[in-house]
Amino acid sequence: MESNSVISVLMVDDDEVLTQSVKDFFSREGDICITERFDGMSGVEAALAKDYDVIVLDVSMPKMNGFDALKEIRKHKDTPVLMLTARGDDFDRIVGFEIGADDYVPKPCHLRELYGRIKAIYRRTSGSKSNESENVIILGDLKIKTSSQSVEKNGEHVSLTGAEFLVLEVLAQSAGQVIDKDTISKHALGRRSMPYDRSVDAHVGHLRKKLGPLPNGQQRIKTVRGKGYLYVA
């Protein structure tokens, strides 16, 4: 069940007209509260000064672009980040995922789509944390705590974004079985995988870097061409 609490969102975008439109639209919905900043540097300061449920970052901003702002935020926090990218610009999306973005929305964006994406990210990244019991998946050197969305490798914490954790979760829950990209996308991003959409691939690539190979040197997450991905049991 979705919480009735108000979702706190930090929106960092130098387009003041768009930001005001988003605030007006969300205020009518009544369940998302927007704090705005209009350049990357002040956005980072705000992100580190307070805990937000979701951060929305534009790519192109003065003083500090969205990529550099995301890098600074990721040094300290795993808050879910939604990037606003130029429509059709695959490079922006790929770079964003590589440095820790959870999802993206192309600009110009529809306010209803942005609203839905923020709500979906919040549901995915906060919903299980309200469970009283801690569900744990043990896979060799890896301990995955699904309720608190935390991961340990050989007893040491591994920092993952919300989307990365959810990709790992769906693969780990069916370790040894091939999971198609559409299933992974729906679980981790709340939407079906579209043609030429590399979002899932980017998150899997990030997981491989952060988790490394299995103790025997074998690849931890295998690509099954034309089918999907498999976490090696």
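The residue count restarts for each chain, going from 1 along the sequence in the order it is written. pLDDT decides what is reported in this predicted model: residues at 70 or higher carry local features, side-chain atom pairs at 80 or more are listed and counted, and totals for whole chains, interfaces and linings draw on all residues regardless. Heavy atoms throughout the structure, all of them, feed into the side-chain values; hydrogens and water do not.

Before going further, it helps to examine the pattern of salt bridges. Where charged atoms of side chains with opposite charge meet at close range, the side chains can pair. Any Lys or Arg side-chain nitrogen found within 4 Å of a carboxyl oxygen on Asp or Glu counts as a salt bridge. Enumeration over the complete set of coordinates arrives at 18 salt bridges. A salt bridge links Asp13 to Lys107, with the nearest nitrogen and oxygen atoms 3.0 Å apart. One end of the pair, Asp13, is in the loop between β1 (7–12) and α1 (16–29); the other, Lys107, is in strand β5 (residues 103–107), and 94 residues separate them in sequence. Only protein chains enter the accessibility calculation, which uses a 1.4 Å probe; a residue whose area is less than 20% of its type maximum is buried, one above 50% is exposed, and one in between is partly exposed. With a relative accessible area of 0%, Asp13 lands in the buried category. With a closest N to O distance of 3.0 Å, Arg112 and Glu29 form a salt bridge. Within this pair, whereas Arg112 is found in helix α5 (residues 111–126), its partner Glu29 is found in helix α1, the two being separated by 83 residues in sequence. Note on Arg112: relative accessible area 47%, which makes it partly exposed. In this description a helix means any DSSP run of H or I spanning at least four residues, a strand means any run of E spanning at least two, and both kinds are numbered starting from the N terminus.

Here we come to the sheet that holds strand β6 (residues 136–139). Strand order in the open sheet made by the four strands is β6-β7-β8-β9, with antiparallel pairing throughout. Single-partner strands in this sheet number two, and they are β6 and β9 (156–158). Direction aside, the axes of adjacent strands within the sheet are offset by 25 degrees on average. Two strands qualify as a pair provided DSSP detects at least 2 bridges between them. Note that strand β7 (residues 142–145) and strand β8 (residues 150–153) share four bridges and pair antiparallel. Looking at the pairing, Leu142 lines up with Lys153 of β8. On the sheet, helix α6 (residues 162–173) packs against β6, β7 and β8 and is oriented at approximately 110 degrees with respect to β7. Orientation is described by axes fitted as lines to C-alpha atoms, over the contacting stretch for helices, and by angles from 0 to 180 degrees between their N-to-C directions. Residue contacts follow a heavy-atom distance rule, with two residues in contact if any of their heavy atoms lie within 4.5 Å.

Of note, the amide linkage connecting Lys107 to Pro108 takes the cis form, showing an omega dihedral of -5 degrees. Although it is not a glycine, Lys63 adopts a positive phi angle of roughly 70 degrees. Within the secondary structure, Lys63 is located in the loop between β3 (54–58) and α3 (66–74). The exposed category is assigned to Lys63, whose relative accessible area is 68%.

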